[in-house]
Amino acid sequence: MRTVATITLVLTLNFVAPGLAESPKDIWRDVFAAMKRDDYPTAVRLLRTLAEMGDAPAQFQLGFLYRMGDGIPQDYDEALKWLQLAANQGHIWAQTNLAFMYRNGEGVPQDYVKAHMWFNLASSLAPSAKRSNYIELRDELAQKMNPAQIAEAQKLAREWKPTK
């Protein structure tokens, strides 16, 4: 599992770090270094610093670590908290992780409507080259839903507004 978290962090850094101010960039470098040496308490402490400042990629990474229990004890409540904050800012990977949590009932009651909504939002915000992946996940889930549930999920997605 640590490999998944490290790969996720590397991908996050590749897409996000270039746009960050110098201080957060330094914190991200320290987070990556801590994770490479399996020092997850330090990585979580540093990520929490950024996450509390409203940094969506840090919120996502922290939520992902808690969701997977990767290097730290699994804690779905903490995962939900941080993933929700990032997802509400339009972070696609956070939205997708929330969709998986609701689809699978991971720490939350299974809710296909919310899962569909988050997959739908992720597909609408995804780069065109990746959009089909999110659409496929959404459409697979829709096969388990009735028309009223799908309509409700679509309504929620249409009404969703990002924070910040």
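Residues numbered from 1 in each chain as written. Predicted model: local features only at pLDDT ≥ 70, side-chain atom pairs only at ≥ 80, totals over all residues. Heavy atoms only, no water.

Caption draft 1: Spatial organisation of the side chain of Thr42. By the element assignment, Thr42 lies in helix 3 (residues 40–52). The exposure class assigned to Thr42 is buried, which follows from its relative accessible area of 18%. A polar side-chain atom of Thr42 sits 2.7 Å from a polar atom in the side chain of Asp39. Setting aside residues up to four positions removed in sequence, Thr42 forms contacts with Ala34 and Arg37. (Helix = DSSP H or I, 4+ residues; strand = E, 2+ residues; numbered from the N terminus. Buried < 20%, exposed > 50% of the residue type's maximum accessible area, 1.4 Å probe, protein only. Polar contact = N/O pair within 3.5 Å; in protein donor to acceptor, adjacent residues only side chain to side chain. Contact = heavy atoms within 4.5 Å.)

Caption draft 2: Local environment of the packing of aromatic side chains. In total, this model carries four aromatic pairs according to the counting rule given. Considering the side-chain rings of Phe60 and Phe64, the 5.8 Å spacing of their centres and the 35 degrees angle between planes classify their relative orientation as tilted. A residue pair is termed a helical-turn pair when its members lie 3 or 4 positions apart in one helix, as Phe60 and Phe64 do in helix 4 (residues 56–68) at four residues. Residue Phe60 shares its accessibility class with Phe64, and that shared class is buried. Here Phe100 and Phe119 contribute two aromatic rings whose centre-to-centre distance is 5.4 Å and whose plane-to-plane angle is 80 degrees, an arrangement assigned as edge-to-face. Residue Phe100 is located in helix 6 (residues 92–104), and its partner Phe119 is located in helix 7 (residues 112–125); the two are separated by 19 residues in the primary sequence. Assigned by exposure class, Phe100 and Phe119 land together as buried. Following the ring pairs from residue to residue traces out a cluster consisting of Phe60, Phe64 and Trp93. (Phe/Tyr/Trp six-rings, centres within 6.5 Å; stacked < 30°, edge-to-face > 60°.)

Caption draft 3: Broad picture of the confidence of the model for the chain. Predicted confidence across the chain gives a mean pLDDT of 89, with 86% of residues reaching 70 or more. Scored below 50 in pLDDT, residues 13–22 makes twelve contacts in the model with residues more than four places away or belonging to other chains. (pLDDT = per-residue confidence, 0-100.)

Caption draft 4: Layout of the packing of helix 4 against helix 5 (residues 76–88). Direction vectors running N to C along helix 4 and helix 5 enclose 155 degrees, while the axes themselves pass 7 Å from each other. In terms of their interaxial angle, helix 4 and helix 5 are classed as roughly antiparallel. Here helix 4 runs over helix 5; the crossing is left-handed. Judged by residue contacts, Ala56, Gln59, Phe60, Leu62, Gly63, Phe64, Tyr66 and Arg67 of helix 4 engage Tyr76, Glu78, Ala79, Trp82, Leu83, Leu85 and Ala86 from helix 5. Of the residues belonging to the contact of helix 4 with helix 5, the class tally is eleven nonpolar, two polar and two charged. (Axes fitted to C-alpha atoms, helices over the stretch in contact; angles between N-to-C directions. Parallel < 35°, antiparallel > 145°, perpendicular 65-115°, else oblique. Left-handed = near helix turned anticlockwise from the far one by under 90°. Nonpolar A, V, L, I, M, F, W, Y, C, P; charged D, E, K, R; others polar.)

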